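The chain contents come next:
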Amino acid sequence: MTKTDGAMPSVFICCVRGRIAYVKSFDRETFERELRRINELALWDYEISAAGDGTLLILGSNDFVYYHYLEIEFGHVTFCDLPAHFSHAEFRLGNSDEQATIWVTAESWSEDGRKEHEIRASEIAVRIGRVYYYERENLQPGERIASRKTRG
């Protein structure tokens, strides 16, 4: 299902709370709205957190050392050629009827220049909120602690 230009990062599970949008079957209008929300965040870096069993989880952040701010979960994925780590991504919906084709123009961490990558999926879930990689008190609404350790 996935082709990357390197080893996949360690898989981890994050607590899922906060704002969420979930699409059960391909709905063009909802996909376009969610991809627009993602692009409006203007995050710098992305990584594939988990891939398998028809699911693809992408995290987005401006500082992966301490937290991530975005979780994009694609369901019923039949194809993905994104690199494991990429930056300055722009997501757009291609022409398709039965399954969404999402084009991602981004810079790979292992290659020079911007390239276009493809994801084919029927479901999308977008979670926005700061997910910290360390214990922290006084969390604000939409913030949570991830179940993985801070990178070191």
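Residues numbered from 1 in each chain as written. Predicted model: local features only at pLDDT ≥ 70, side-chain atom pairs only at ≥ 80, totals over all residues. Heavy atoms only, no water.

1. Quick word on the overall build of the chain
Logical step 1: Tallying secondary structure elements over the chain gives one helix and 10 strands in all.
Logical step 2: Helices (α) and strands (β) of the chain occur, in sequence order from the N terminus, as β-α-β-β-β-β-β-β-β-β-β.
Logical step 3: Looking at the chain residue by residue over its 152 residues, the buried ones come to 47%.
Logical step 4: Pairs at least 24 residues apart make up 58% of the contacts formed inside the chain by residues separated by at least 6 positions.
Logical step 5: With an accessible surface of roughly 8200 Å², the chain has 46% of that area assigned to carbon and sulfur atoms. (Helix = DSSP H or I, 4+ residues; strand = E, 2+ residues; numbered from the N terminus. Buried < 20%, exposed > 50% of the residue type's maximum accessible area, 1.4 Å probe, protein only. Contact = heavy atoms within 4.5 Å. Areas by Shrake-Rupley, 256 points an atom, 1.4 Å probe, with all protein chains shown as cover.)

2. Observations concerning the pairing of strand S3 (residues 55-61)
Logical step 1: Within S3, six of the seven residues are buried, which leaves it mostly tucked inside the rest of the structure.
Logical step 2: Sheet analysis places strand S2 (residues 45-52) next to S3, joined by seven bridges and oriented antiparallel. Among the inter-strand pairings, Ala51 is bridged to a residue of S3, identified as Leu56.
Logical step 3: Between S2 and S3, which pair antiparallel one after the other, the connecting turn spans two residues, and Asp53 there sits at a positive phi close to 50°. (Pairing = 2+ DSSP bridges.)

3. Re the nonpolar core
Logical step 1: Ranked by size, the top nonpolar core spans 28 residues in total, and within it Ile58, Phe74, Phe91, Ile102 and Ile119 carry the most contacts.
Logical step 2: Sorting the residues of this core by element identifies helix H1 (28-41), S2, S3, strand S4 (67-75), strand S6 (85-93), strand S7 (100-108), strand S8 (114-121) and strand S9 (123-132) as the ones contributing at least two each.
Logical step 3: Beyond its immediate chain neighbours, meaning those up to four positions away, Ile58 contacts Tyr46, Glu47, Ile48, Leu70, Glu71, Ile72, Phe74, Leu82, Phe86 and Ile119.
Logical step 4: Residues Leu57, Phe64, Val131 and Tyr133 belong to the second largest nonpolar core, which totals six residues. (Core = buried A, V, L, I, M, F, W, Y, C linked by side-chain atoms within 4.5 Å.)

4. Focus: the packing of aromatic side chains
Logical step 1: Scanning the entire structure with this criterion turns up five aromatic pairs.
Logical step 2: With a centroid separation of 5.3 Å and an interplanar angle of 5°, the aromatic rings of Tyr46 and Phe86 are classed as stacked. In this pair, Tyr46 sits in strand S2 while Phe86 sits in strand S6, placing the two residues 40 residues apart along the sequence. Each member of the pair Tyr46 and Phe86 is classed as buried.
Logical step 3: With a centroid separation of 6.3 Å and an interplanar angle of 65°, the aromatic rings of Tyr67 and Tyr132 are classed as edge-to-face. Linking Tyr67 in strand S4 with Tyr132 in strand S9, this pair joins segments that are 65 residues apart in sequence. Like Tyr67, the residue Tyr132 is buried in the burial classification.
Logical step 4: Through a chain of ring-to-ring contacts, three or more aromatic side chains come together here, namely Tyr66, Tyr67, Tyr132 and Tyr134.
Logical step 5: The ring of Tyr67 carries the charged tip of Arg130 above its face, separated from the ring centre by 4.4 Å. (Phe/Tyr/Trp six-rings, centres within 6.5 Å; stacked < 30°, edge-to-face > 60°. Lys NZ or Arg CZ within 6 Å of the ring centre and 35° of its normal.)

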